[in-house]
Amino acid sequence: RPERDASVILSTPSPTRFEKQIVTMAKEIQHWKQSCSDLQSQLDAQAQLTSKQEIVSKSIIAELLEQLRSLREDGLKKESAGTRMQEKLNSMLGTLKATEADLTTKAVDVSRIKDLLRSNEVEIQK
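Student: Describe the overall build of the protein chain, listing the residues and the values that go with them.
Tutor: A count of helices and strands for the protein chain gives two helices and zero strands. Out of the 126 residues belonging to the protein chain, those deemed buried represent 4%. Accessible surface for the protein chain amounts to roughly 11,400 Å². Of this, 61% is attributable to carbon and sulfur atoms.

This is the structure in structure tokens:
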């Protein structure tokens, strides 16, 4: 272990300049190892957060797609219901036109009957 080796070197009565450089380099290496470890921890945390965000995003997208599909189905149902309503209204309009024609014919018949009754009444009064 570099810390133990460094303490052994520094505990000698008079470490050489080279030994001091080795101890300094060992400390720097240890510092860089710790920095790399800290960065790796930050990267792992960021990756975990990104993964969670991806899961949430996928969930939101799936929910929006489901809502879109549901709205589309509702729209198709309403369109179909609208078409059926239009067909019913057209049928009712046809029935109303036929009824109007029938009533017009009956009104003409009633008018003729009234005319006949008047003419009969006139005949009777004579």
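Student: Could you give an account of the pattern of salt bridges, naming the residues involved and the relevant values?
Tutor: Two side chains carrying opposite charge are able to pair once their charged atoms lie near each other. This structure, assessed with the given rule, holds six salt bridges. A salt bridge links Glu-54 to Lys-58, with the nearest nitrogen and oxygen atoms 3.2 Å apart. On the criterion of helical spacing, the pair formed by Glu-54 and Lys-58 is a turn pair, its members being four residues apart in helix α2 (residues 17-125). The class of Glu-54 is partly exposed, set by a relative accessible area of 41%. Residue Lys-58 is classed as exposed on the basis of its relative accessible area, which comes to 52%. Ionic pairing is found between Asp-109 and Arg-112, a salt bridge with its closest N-O pair at 3.8 Å. Of this pair, Asp-109 and Arg-112 both sit in helix α2, separated by three residues, roughly a single helical turn. On the basis of relative accessible area, Arg-112 is assigned to the exposed category, the value being 52%.

The rules we used
Residues numbered from 1 in each chain as written. Predicted model: local features only at pLDDT ≥ 70, side-chain atom pairs only at ≥ 80, totals over all residues. Heavy atoms only, no water. Helix = DSSP H or I, 4+ residues; strand = E, 2+ residues; numbered from the N terminus. Buried < 20%, exposed > 50% of the residue type's maximum accessible area, 1.4 Å probe, protein only. Areas by Shrake-Rupley, 256 points an atom, 1.4 Å probe, with all protein chains shown as cover. Salt bridge = Lys/Arg side-chain N within 4 Å of Asp/Glu carboxyl O.

Keep in mind these numbers describe shape, not what the thing actually does.
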